[in-house]
Amino acid sequence: MPHKIGFVVVSSSGHEDGFSARELMIHAPTVSGWRSPRFCQFPQEIVLQMVERCRIRKLQLLAHQYMIPSKVEFYISESLPEYFVPYQAERFRRLGYVSLCDNEKTGCKARELKSVYVDAVGQFLKLIFHENHVNKYNIYNQVALVAVNIIGDPADFGDESHITSREKLIDHYLGQHSSEDPALEGTCTGKSDYISPLDDLAFDMYQDPEVAQIIRKLDERKREAVQKERYDYAKKLKQAIADLQKVGERLGRYEVEKRCAVEKEDYDLAKEKKQQMEQFRNQVYEQLQLHSLVDAEPMRRPSDLPLQPLTHSASPRHKQQVPSLPPQEESAPESRFAEPFLQEKPPAHPPGPSQHSTADQSPPATDPHLKTHLQSVPYDERPLPATRKQPAAAALEPEKSDSDVSEAPKRGAAGEPEPLTEKALREASPAVDVLGESLVAGAYSKTWSYREDALLALYKQLMETPAGTPKEELKSMLRASIFLVRRAIRDIVTPVFQASLKLLKMIITQYIPKHKLSKLETAHCVERTIPVLLTRTGDSSARLRVIASNFIQEMALFKEVRSLQIIPSYLVQPLKANCSTHLAMSQMSLLARLLKDLGTGTTGFTIDNVMKFSVSALEHRVYEVRETAVRVILDMYKQHRAFILEYLPPDDSTTRKNVLYKTIFEGFAKIDGRPTDAEIRAQKKAATEEAEKRKKDEIKALQGQLAALKDIQAEAQGKEGPSMEVESQDTQGGKAAPPPAPEIPDNHYLDNLCIFCGERSESFTEEGLDLHYWKHCLMLTRCTHCKQVVEISSLTEHLLTECDKKDGFGKCYRCSEAILKEELPRHIKTKECNPAKPEKLANRCPLCHENFSPGEEAWKVHLMGPAGCTMNLRKTHVLHKVPAPLPAGRGTAVTKTGTSGSKVGSKIPTPKGLNKSSGRTYTKR
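Conventions adopted
Residue positions within a chain follow its written sequence, with the count starting from 1. Only residues with pLDDT of at least 70 get local features here, since the model is predicted, and only at 80 or more are side-chain atom pairs given and counted; chain-wide, interface and lining totals rely on the full set of residues. Side-chain metrics in this entry use all non-hydrogen atoms of the structure; hydrogen atoms and water are not considered. Helix numbers and strand numbers start at the N terminus; a helix is a DSSP run of H or I with at least 4 residues, a strand a run of E with at least 2. The rule is simple: take the accessible area with a 1.4 Å probe, protein chains only, and divide by the maximum for that residue type; under 20% is buried, over 50% is exposed, in between is partly exposed. Aromatic pairs are defined between Phe, Tyr and Trp rings, using the six-membered ring for Trp, whenever the two ring centres lie within 6.5 Å; interplanar angles under 30 degrees are classed as stacked, those over 60 as edge-to-face, and all others as tilted. One side-chain nitrogen of Lys or Arg within 4 Å of one carboxyl oxygen of Asp or Glu is enough to make a salt bridge. Expected span, for any helix, means 1.5 Å times one less than how many residues it has. Contacts are assigned to residue pairs with any non-hydrogen atoms lying within 4.5 Å of each other. Scored from 0 to 100, pLDDT records how confident the predictor is in each individual residue.

1. Overview of the environment of E224
So, step 1. Here E224 shows up in helix α3 (residues 209–227).
So, step 2. E224 gets classed as partly exposed once you look at its relative accessible area, which sits at 39%.
So, step 3. For the pair E224 and A234, spaced 10 residues apart in the sequence, the C-alpha separation amounts to 8.5 Å.

2. Observations regarding the packing of aromatic side chains
So, step 1. Taken as a whole and judged by the stated rule, the model has eight aromatic pairs.
So, step 2. When the centroid spacing of 5.0 Å and the interplanar angle of 35° are considered together, the rings of W34 and F129 count as tilted. With W34 in strand β3 (residues 34–35) and F129 in strand β7 (residues 113–129), the pair connects residues that are 95 residues apart, well separated along the chain.
So, step 3. The buried category is assigned to W34, whose relative accessible area is 0%.
So, step 4. Accessibility expressed as a relative area gives 0% for F129, which makes it buried.

3. Quick notes on the pattern of salt bridges
So, step 1. Under the definition given, this model contains 26 salt bridges.
So, step 2. Across the pair D119 and R57 runs a salt bridge, and its minimum N-O distance is 3.6 Å. Residue D119 is located in strand β7, and its partner R57 is located in strand β4 (residues 44–63); the two are separated by 62 residues in the primary sequence.
So, step 3. Close ionic contact of E690 with R694 constitutes a salt bridge, the shortest N to O distance being 3.6 Å.

4. Structural notes on unusual backbone geometry
So, step 1. With an omega dihedral of 0°, the bond running from F42 to P43 counts as a cis peptide bond.
So, step 2. Residue E229 is not a glycine yet carries a positive backbone phi of 60°.
So, step 3. You can see E229 is positioned in the loop between α3 and α4 (231–263).
So, step 4. Taking the relative accessible area as the measure of exposure, E229 reaches 55% and is therefore exposed.

5. What about helix α24 (residues 623–640)?
So, step 1. Along its 18 residues, α24 runs 26 Å from first to last C-alpha, staying within 8% of the 26 Å computed at 1.5 Å per residue.
So, step 2. Every buried residue of α24 is accounted for by V625, T628, A629, V630, V632, I633, L634, M636, Y637 and H640.
So, step 3. At its buried positions, α24 is contacted by α22 (581–598), α23 (607–617) and α25 (659–672).
So, step 4. A positive backbone phi angle near 45° is found at R641, which sits one or two residues after α24.

6. Concerning the confidence of the model for the chain
So, step 1. The share of residues in the chain with pLDDT of 70 or more is 72%, and the mean pLDDT across the chain is 75.
So, step 2. Contacts for the low-pLDDT stretch residues 725–742, under 50 throughout, to residues beyond four places or in other chains number three contacts.
So, step 3. Counted against residues more than four places away or in other chains, residues 882–925, with its pLDDT under 50, gives 39 contacts.

See below:
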């Protein structure tokens, strides 16, 4: 009769952390299954080895809700190469493939269960997964498989034992069939190809493991009752099975909800779900009167037993789950349910006594071969040869009956841990002398439950230590306890690890203060355990990493530990080049969190050690570490500002080529309220566009004025002809009149004119203008650093962007002026500068550091006017040299003075027509 076939995972092409292919060997509501690496290459493959050579009748796949492969191919093989090289294609025979739905109709919220009926013989099954269906949830293009189930029966090897067993089975079948008992129709004894619903994948994936074990036992007793014609008892069992199936599904949902609550760290909800499960389970057991049905076994809660397989069992189920037992030990409730389920599966498929004996005879022949694989594939997926010898001792374990199975947990709970080995005794001799050999033996036991019990017993012993105990004895107990805690922190089983943290917390926060021990004992506890705890923050298990990191953060905030400043000194030690990715990320994250909680100063964190560690972390190969280092540096800058700049390279164009440093310096600018480079570029671009537009408008207006001046000049020349003749006659024999102002041809209008201050002079030749710019122009100044003549209005921009010494200047975010970098921190700290206003509201003078009205004309008024800038040395020099006013009869001087005065406020010189008008007025007078 086909039944569920156990298997082990021989190899896989890869997996994501926490989703190994070994998860496929467990069938329970809370399993996560296998998941391919992110952005993997296709196809992906998994190779399974069945416990024996089988004839496969049915294959079942439970797909993920959104990591769905488009196609899955099946290959089967009799054996693998003796030396395990990459699989040779000719050794596997292709069975076919199945296509999976893209799950768009359900919105990727349902999982597809695909069942395929086949007829193939072999011992190795290979699954090949093709490219995934694309959807918005599968952002890493992964494929996944939640569970796989193999149903079949052992293949006929041809030896006499199997022939005998087969003949017995045929005789038994014929005997039952000849009775023509209608009660047997449709049962497993009535059809040779009947597959029990209890072997279906859907049964295990939605049933509570403990209830599933009870249902299988009841189903076996129901078949026995039918064969013994105890129909009333069989009817009672049938009803109990139907009710228990509903109970199992409900408990399975509760278990999933509890697991989700734990992942979200909602421990109140998790506790509520656990209590709800216990209460519901007990009520159902009482209602169904299971004491009389299954000898009260379900009422037993084997929570203190190790999860170890029994070698006598004929069921392949316990064999397929053994490699995944260590991970299952991390969740205590699930391991409790799984244990009886693993032990009592044998009665699931044997229909009668003869079949039961057959099943009991065949597994011992293959058991050593199976155990070889189970022992050789504990925590990795390295493939093994098909055959390997097993030590004889492993195959000589005594077989047990069903009654032995039910009593085994009770004996295990009352048993003692194995004695200490000679090596362990030498290593733990100081602890043995203080705590006793039995307790230390439990801490060294190979069974995780004994290790956990030893730590809890030590916890209780330390809590009950009387206050008057001598100090030396207290110190000895403390040091022995820390020795065991340090060992337990390295334990891979989560309950043991958590028990060690609980014990360590109690020692630091309760035991030492209660007995008034010195700080040296607290320092001993921390220094002995913190290096091991930091190592566990790099564990491959995400859950253990989080637990370890949270405990370190919590311990650093203990008032007993905080004053010692030990933990910060470990966190700022430079990252090693060969340290794991998880370890580096955890250490950097811990540093960032503790900095916010503790700050710098008397906490062990200083500006020096934090900045040196963070700057070195900027070169780390892991992106997350570099990003966290940037956040730490920005947080430090918020608190200490200018002191942080000493540990960073100068803020120049070369440094900003590095993206991280560019991010850091732009972050500094945002913290200071200064515009970033991007914002400065945008502002400059807008200012340039506005200046160009204004220049075009000025040119257009100037052209209009020139056109008007030409018209005025032409009209004036036409009217002045007769008057000029009269003037020449009136002045004959008399004193000659002053000559009119010299006319300037239109095409030489800008000659002898300073385009900055608007002053015109006959001495303004090419050399004269250079001299004027160099010494006298009130709108210009010389840069004291590069000796270049620049406009005063653009002096700040020149010092920051154009000057030969521009790298030595920085911009103050308050006054917007260029300050020497060595003086910038003091300048910013004192806050004595006059804050600048936005460019649209006011101009900023770099000489007198005052704000004045905006616009180009305002610059001339400020720099050249008598009430303007007091720090413009050229203006003060000119004012000292201004001569006394000339007599009214010196008309030429008056005209020149008036002309220069008209040039002060504008770049546009006074039109020529006005000069002629002034001359004409003087002549008539």
